[in-house]
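Chain by chain, the residues run as shown.
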Amino acid sequence: MRAAERVAIIPAPARLAPGEPLGDEGYRLEVRDGKTRIDAETDAGSFYAEQTLRRLPPGDVAIADRPRFAWRGFMLDVARHFFGVEDVCRLVDHLAAYKLNVLHLHLSDDQGWRLAIDAWPRLAEHGGSGAIGGAPGGFYTHDELRAIVRYAAERFVTVVPEIDTPGHVQAAIAAYPELGVPGSSSDLYDGAEVGFSSLDVHSALTYSFLDDVFRELAALTPGPYLHIGGDEAHSTSHDDYLAFMERVQPVVAAHGKRLAGWEEIASAPLGAGAVVQYWNTASPRGRDLARAAVAHGAQLVMSPADRVYLDIKYDADTPLGQDWAGHVEVRDSYDWDPAALVDGLGEEAILGVEAPLWTETLTTRRDLETMMFPRLCAVAEVAWSPQPARDWEDFRARLAAEGARWDAAGVAYHRSPQVALR
Ligand code: NGO
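Residues numbered from 1 in each chain as written. Predicted model: local features only at pLDDT ≥ 70, side-chain atom pairs only at ≥ 80, totals over all residues. Heavy atoms only, no water.

Any chance you could explain the overall build of the protein here in plain terms?
What the protein contains, in helices and strands, is 14 helices and 13 strands. In terms of overall dimensions, the protein is globule-like: its C-alpha atoms have a radius of gyration of 21 Å, near the 22 Å expected for 422 residues. In terms of overall dimensions, the protein has C-alpha extents of about 70 × 40 × 40 Å along its principal axes. Each of the 422 residues in the protein was classed as buried or not, and the buried ones make up 59%. Counting every atom, the protein has about 15600 Å² of accessible surface; 51% of that belongs to carbon and sulfur. (Helix = DSSP H or I, 4+ residues; strand = E, 2+ residues; numbered from the N terminus. Rg over C-alpha atoms; globule rule 2.2 N^0.38 Å. Buried < 20%, exposed > 50% of the residue type's maximum accessible area, 1.4 Å probe, protein only. Areas by Shrake-Rupley, 256 points an atom, 1.4 Å probe, with all protein chains shown as cover.)

Encoded structure:
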């Protein structure tokens, strides 16, 4: 019988000793003489065993496996360009295939507000009417977001909704100018700059607005987290940012949710149980904020832009994407250790890994998939497999088999010179 190693992509070479607990997501899988046996303590574990089984080459095998990290995420920016339920569900299928378990939806930004809010109807109707460069707008109704949440849950994927605050809010201000700092523009915005809009952090209306939004969002998304963005609030002063963080955290908690936010939120005191998302590899401040987050008792989700930002170009010839974080080829996404990225932090500080896909330059599902694959597979393995079991050459060889699957399923992907995909 073959050992557990080198079976296929993502069926990772994690070796559990006999009797070692499988935990919430682990499984044992044995194929012998054409008969399959799956052991798991949870439905999620069985589901992952099935995903592994689909990718196994023929022959006998025994695998015992469980993930390294609890948060194995992907983020889709539906604010810069909007993507409907069908596209999102197709991406959820991809997440499930590679045993990722978090879909973070970036539901609002300067260019668009993408969820109907009953208490504030103009947010979606007006704030959601556009997108970057005059592209069509759009938003999810409550039923549509519920459909996404359900589809994801059936595949053991938790939706983490993000409403970006106190910056990245021009779409909301265009809908309700009274939410902005006095003197804000009330125009819709279809450019790609960041850092120019801010909620009025001193107005009680801002917090009753967020209370209404979070109430509706919390009722639609059963997951434990509510992501408040918090990034690049360049037109909110530091004192105002601190004041905002102090007032917004109880609003999140009042709806029974744990706070999540980009690394900048760690510049403010954080309540227990927060999740902070490290991202900005172009600034030395990012690592300091990550350490500050852990000092506040938060856990980190690692999204280093120069490793896992899926909107960053693969190389200088990539027609789509951006290059502010350099270039990110498949090996860059694979060859790093989330626990070794920030000095002084250990494994227990890291809740997981997430690959964000920002959509300033991406307008079609093909665009999304081209930027996701093959890098999403690398990120999935970083999130799932223990560090000592990972090896680029081995991964690269296993990854080659995916090209034929993507071709058969009509999935677009980047033909990376680093991987023999055909
Ligand atoms: C940054 C910025 C986003 C951009 C993205 C583009 C974060 C957390 N805020 O990441 O608004 O879309 O870069 O790569």
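Once you've had a look at it, read on.
Can you walk me through the site of the ligand in this structure?
Near the ligand you find 13 residues, and of these Arg80, Asp231, Asp311, Trp324 and Glu360 are the closest. The separation between an oxygen atom of the ligand and a polar side-chain atom of arginine 80 is 2.7 Å. Here an oxygen atom of the ligand sits 2.5 Å away from a polar atom, N or O, in the side chain of glutamate 360. Taken together, the residues of the shell around the ligand break down into six nonpolar, two polar and five charged. (Near = heavy atom within 4 Å. Polar contact = N/O pair within 3.5 Å; in protein donor to acceptor, adjacent residues only side chain to side chain. Nonpolar A, V, L, I, M, F, W, Y, C, P; charged D, E, K, R; others polar.)

Please explain helix H12 (residues 375-384) as it appears in this structure.
One turn of an α-helix holds 3.6 residues; hence residues three or four places apart share an orientation. Taking burial as the measure, the ten residues of H12 include ten buried ones, the bulk of the element. Turning to H12, its buried residues are Arg375, Leu376, Cys377, Ala378, Val379, Ala380, Glu381, Val382, Ala383 and Trp384.

What is the right way to look at the environment of phenylalanine 82 in this model?
With respect to the secondary-structure elements, phenylalanine 82 resides in the loop between strand S4 (71-77) and helix H2 (85-97). With residues near it in sequence (within four places) discarded, phenylalanine 82 still touches Arg114, Gly137, Gly138, Phe139 and Tyr140. (Contact = heavy atoms within 4.5 Å.)

Would you explain the packing of helix H6 (residues 204-220) against helix H7 (residues 238-254) in this entry?
Two packed helices can be described by the angle between their axes and the distance between those axes. Taken N-terminus to C-terminus, the directions of H6 and H7 make an angle of 35°; their axes are 10 Å apart at the nearest point. Viewed along their axes, H6 and H7 form a crossing whose handedness is right-handed. In this structure, H6 contributes Ala204, Tyr207, Leu210, Asp211 and Phe214 to the contact, and H7 contributes Ala243, Phe244, Arg247, Val248, Val251 and Val252. Of the residues in the contact of H6 with H7, the class split is nine nonpolar, no polar and two charged. (Axes fitted to C-alpha atoms, helices over the stretch in contact; angles between N-to-C directions. Left-handed = near helix turned anticlockwise from the far one by under 90°.)

Could you clarify how one ought to interpret the state of the cysteines in this entry?
Between two cysteines, a covalent bond joining their sulfur atoms is known as a disulfide. A full pass over the atoms with the stated rule returns zero disulfides. Of all cysteine sulfurs, the one in cysteine 377 lies closest to cysteine 89, which takes part in no disulfide; the gap is 20 Å. Under the relative-accessibility criterion, cysteine 377 is labelled buried at 0%. (Disulfide = S-S within 2.5 Å.)

What should I look at first to understand the sheet that holds strand S8 (residues 158-165) in this one?
Hydrogen bonds along the backbone pair up the strands of a sheet, which may run parallel or antiparallel. Overall, parallel pairing links the eight strands, which are arranged S4-S5-S8-S9-S10-S11-S12-S13 in a closed barrel. On average, each strand axis in the sheet is inclined to that of its neighbour by 30°, with strand direction left out of account. Taken together, the two bridges between S8 and strand S9 (residues 225-229) define a ladder with parallel strand orientation. Paired with threonine 165 across the two strands is glycine 229, which belongs to S9. (Pairing = 2+ DSSP bridges.)

Teacher, can you tell me more about the domain arrangement of the protein here?
It is common to give the size of an interface as the accessible area that goes away when the parts come together. Entries for the protein in the domain assignment read domain 1 (4-65) and domain 2 (71-390). Centre-to-centre separation of domain 1 and domain 2, based on C-alpha positions: 32 Å. (Domains from an automatic or database assignment.)

Even after reading the chapter, I still don't get the packing of aromatic side chains, so can you show me in this structure?
How two aromatic rings sit relative to each other is given by the distance of their centres and the angle of their planes. Under the criterion given, the structure shown has 21 aromatic pairs. A ring pair is formed by tryptophan 392 and phenylalanine 395, whose centres lie 6.1 Å apart and whose planes are at 45°; its orientation type is tilted. Of this pair, tryptophan 392 and phenylalanine 395 both sit in helix H13 (residues 392-399), three residues apart, roughly one helical turn. For phenylalanine 395, a relative accessible area of 0% corresponds to the buried category. Members of the aromatic cluster, each reached through a chain of ring pairs, are Trp262, Trp279, Tyr309, Trp324 and Trp358. Positioned above the aromatic ring of tryptophan 384, the side-chain terminus of lysine 99 is 5.4 Å from the ring centre. The positively charged end of arginine 375 is found above the aromatic ring belonging to tyrosine 314, 3.7 Å away from the centroid. (Phe/Tyr/Trp six-rings, centres within 6.5 Å; stacked < 30°, edge-to-face > 60°. Lys NZ or Arg CZ within 6 Å of the ring centre and 35° of its normal.)

What should I look at first to understand the layout of surface pockets in this one?
If you roll a probe as big as a water molecule over the atoms, it shows you where there is empty space left. Taken as a whole, the largest pocket holds about 330 Å³ of empty space. What lines the largest pocket is a set of 17 residues, and nearest its centre among them are Arg54, Arg55, Asp93, His94 and Ala97. Looking at the lining of the largest pocket, the elements that each hand over two or more residues are helix H1 (43-55), H2 and helix H14 (402-409). Among the elements that line the lining of the largest pocket, the one with the most residues is H2, at five residues. (1 Å grid on protein atoms, 1.4 Å probe; cavity = no way out; pocket = protein on both sides within 12 Å on 5 of 7 lines; lining within 4 Å. Points joined across faces, edges and corners; volume = space filled by probe spheres on them.)

Explain the pattern of salt bridges to me, please; I cannot follow it from the model alone.
If the charged atoms of two oppositely charged side chains come close together, the side chains can form a pair. Across all of its chains, the model carries 24 salt bridges by this definition. Between arginine 72 and glutamate 25 there is a salt bridge whose closest N-O contact spans 2.8 Å. Note that arginine 72 is positioned in strand S4 and glutamate 25 in the segment before strand S1 (27-32), a separation of 47 residues in sequence. A relative accessible area of 0% means that arginine 72 is categorised as buried. Classification of glutamate 25 by relative accessible area gives buried; the value is 15%. Between arginine 80 and aspartate 109 there is a salt bridge whose closest N-O contact spans 3.3 Å. Taken together, the residues span a long stretch of sequence, with arginine 80 in the loop between S4 and H2 and aspartate 109 in strand S6 (residues 108-109) at a distance of 29 residues. Both residues of the pair, arginine 80 and aspartate 109, belong to the buried class. (Salt bridge = Lys/Arg side-chain N within 4 Å of Asp/Glu carboxyl O.)

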